[in-house]
Amino acid sequence: MKALPRIPLAALPTPVQPLPRLSEELGFTLLVKRDDLTGLAFGGNKVRKLEYLLADAQAQGADMVVTTGAAQSNHCRQTAGAAAKLGLGCHLVLTTPRRPSGNLLLDGLLGARVTWAAPKARAQALAQAVAEEAAQGRRPYRIPYGGSSPLGAAAYAYALEELLSQGVTPDTIVFASSSGGTQAGLVAGARLLGFRGRILGISIQEPAPTLREQVAVLASQTAALLGTPTTFRDTEIFVRDAYAKAGYGVVTDAEINAILRFARAEGLFLDPVYTGRAAAALLDLAAQGDFAPQETVLFWHTGGTPALFATDYAQTLAAAA
Ligand SMILES: *Cc1c(COP(=O)(O)O)cnc(C)c1O
């Protein structure tokens, strides 16, 4: 794969760890890739993407970044952290409802400027924020929702290369898939590196056909950026959407059970919005016999744990603990 310009921000490689007690309970080998430990501003998968996005921002002479997400966005928190570390300004366009959250607190501590928009007005509000900053003499760099441009997604092709260099070749990789950049990067990387395992995205929000289509397009663009133009069809993209129907950020018994099970069996924290939902799907697939006893399944932990301390989630979880 072509090497793209990068600013080191993450603590890499992230560890791959066995989950022996859960493996024993589930009847197959379960590993975890700890991208919750990428290190910057409480870590998560967006730090990897930001290494490439912010290299591009600096190459373009930007002195600040503008991006968008939900009130409890992990992407926005990690962007604010990376901007602070590089001495760049940061303007976050967050979508309502405006709820107190762990990440929103951290955005403020990191010095980000926050403005609010209705979800439907997100794209327009982002464009407006960029224009407003430029009008005030700043040089803003726009980072898309979830950092999921081909450049951001490329970070996960390199992340797959990192995993393989750790001597780990799982049969299946399971992870939370939302804006699709993580999945697109893994899928593009798999093709370029000859990895033949199953890459199974658990949709957080979108119906499976929508996310599949989105990932196929982004994976094709990402492969081209990495120097090997390749066309992916949506039929080659694996997505499960059983829990997306509850809605984005809605915590059901499935997420609560997954959070408690991983915490109590392995001392490992998942988050209520992304990894808790992905782990719930993994546990469900395991219960349905989707994984064979000789299989090695890798759960790619994408971060998000500050959301455990969002007021609403903390209350729900405290009631279940
Ligand atoms: C953003 C995020 C995801 C989804 O990654 P995408 O690249 O947007 O699909 C998964 N887990 C966590 C914790 C995230 O913050």
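Preceding block: the structure.
Residue positions within a chain follow its written sequence, with the count starting from 1. Only residues with pLDDT of at least 70 are given local features in this predicted model, and only at 80 or more are side-chain atom pairs given and counted; all residues enter the totals for whole chains, interfaces and linings. Hydrogens and water are ignored here; the side-chain numbers use all heavy atoms of the structure.

Chemist: So what's going on with the pairing of strand 3 (residues 64-70)? Residues and values would help.
Modeler: Only protein chains enter the accessibility calculation, which uses a 1.4 Å probe; a residue is then buried when its area is under 20% of its type maximum, exposed when over 50%, and partly exposed in between. Elements are defined by DSSP. Helices are runs of H or I of four residues or more, strands are runs of E of two residues or more, and each kind is numbered from the N terminus. Of all 7 residues that make up strand 3, 7 are buried, and the element is covered over most of its length. Two strands are counted as paired when DSSP detects at least two bridges linking them. Pairing between strand 3 and strand 4 (residues 89-95): 7 bridges, direction parallel. The residue bridging Thr67 from the neighbouring strand is Leu92, located in strand 4. By definition, the crossover connecting two strands over a helix is right-handed if that path, from the first strand to the second, turns clockwise as seen with the strands pointing away from the viewer. The β-α-β motif built from strand 3, the intervening helix 3 (residues 74-86) and the parallel element strand 4 has right-handed crossover chirality. Sheet analysis places strand 3 next to strand 6 (residues 140-142), joined by 3 bridges and oriented parallel. When the sheet's bridge partners are listed, Val65 is paired in strand 6 with Tyr141.

Chemist: Residues and numbers for the sheet that holds strand 4, please.
Modeler: Strand order in this open sheet of 4 strands is 5-4-3-6, and the pairing throughout is parallel. What marks the edges here is a single partner per strand, and that holds for strand 5 (113-117) and strand 6. Neighbour-to-neighbour, the strand axes of this sheet turn through a mean angle of 25°, independent of strand direction. Along the sheet, helix 5 (residues 122-135) contacts strand 3, strand 4, strand 5 and strand 6; its crossing angle with strand 3, the most-contacted strand, is approximately 160°. Think of each axis as a best-fit line through the C-alpha atoms, taken over the contacting stretch in the case of a helix, with angles from 0 to 180 degrees between the N-to-C directions. We call two residues in contact when some of their heavy atoms are within 4.5 Å.

Chemist: Can you explain the packing of helix 7 (residues 181-193) against helix 8 (residues 208-225)? Please cite residues and give values.
Modeler: Where helix 7 meets helix 8, the closest approach of the two axes is 8 Å, and the angle between their N-to-C directions is 50°. The orientation of helix 7 relative to helix 8 falls into the category oblique. As helix 7 runs across helix 8, the sense of the crossing is right-handed. For the pair helix 7 and helix 8, the contacting residues are Gly181, Gln183, Ala184, Val187, Ala188 and Leu192 in the first and Leu211, Val215, Leu218, Ala219, Thr222 and Ala223 in the second. A class-by-class count of the residues in the contact of helix 7 with helix 8 yields 9 nonpolar, 3 polar and no charged. Each angle gets one of four labels, with under 35 degrees taken as roughly parallel, over 145 as roughly antiparallel, 65 to 115 as roughly perpendicular, and the rest as oblique. By definition, turning the near helix anticlockwise from the far helix through less than a right angle yields a left-handed crossing, and turning it clockwise yields a right-handed one. Charged means Asp, Glu, Lys or Arg here, nonpolar means Ala, Val, Leu, Ile, Met, Phe, Trp, Tyr, Cys or Pro, and polar covers whatever is left, Gly included.

Chemist: Got a sec to walk through helix 7? Specific residues and values, please.
Modeler: Counted at 1.5 Å a residue, the expected span for helix 7 with its 13 residues is 18 Å, and the 18 Å between its end C-alpha atoms agrees. With respect to burial, helix 7 is a largely interior element, 10 of its 13 residues being buried. Among all positions in helix 7, only Gly181, Thr182, Gln183, Ala184, Gly185, Leu186, Val187, Ala188, Gly189 and Ala190 are buried. Looking at the residues trailing helix 7, positive phi occurs at Gly194, about 75°. Given the number of residues in a helix, its expected span is that number minus one, multiplied by 1.5 Å.

Chemist: Please give an account of the pairing of strand 2 (residues 29-34) that cites residues and values.
Modeler: In terms of residue burial, strand 2 counts as a mostly covered element, since 5 of its 6 residues are buried. Sheet topology note: the strand 1 (residues 16-18)/strand 2 ladder contains 3 bridges and is antiparallel. Across the sheet, residue Val16 finds its bridge partner in strand 2, namely Lys33. Note: strand 2 against strand 10 (residues 296-301), 6 bridges, orientation parallel. Residue pairing for strand 10: Thr29 is matched across the bridge by Thr296.

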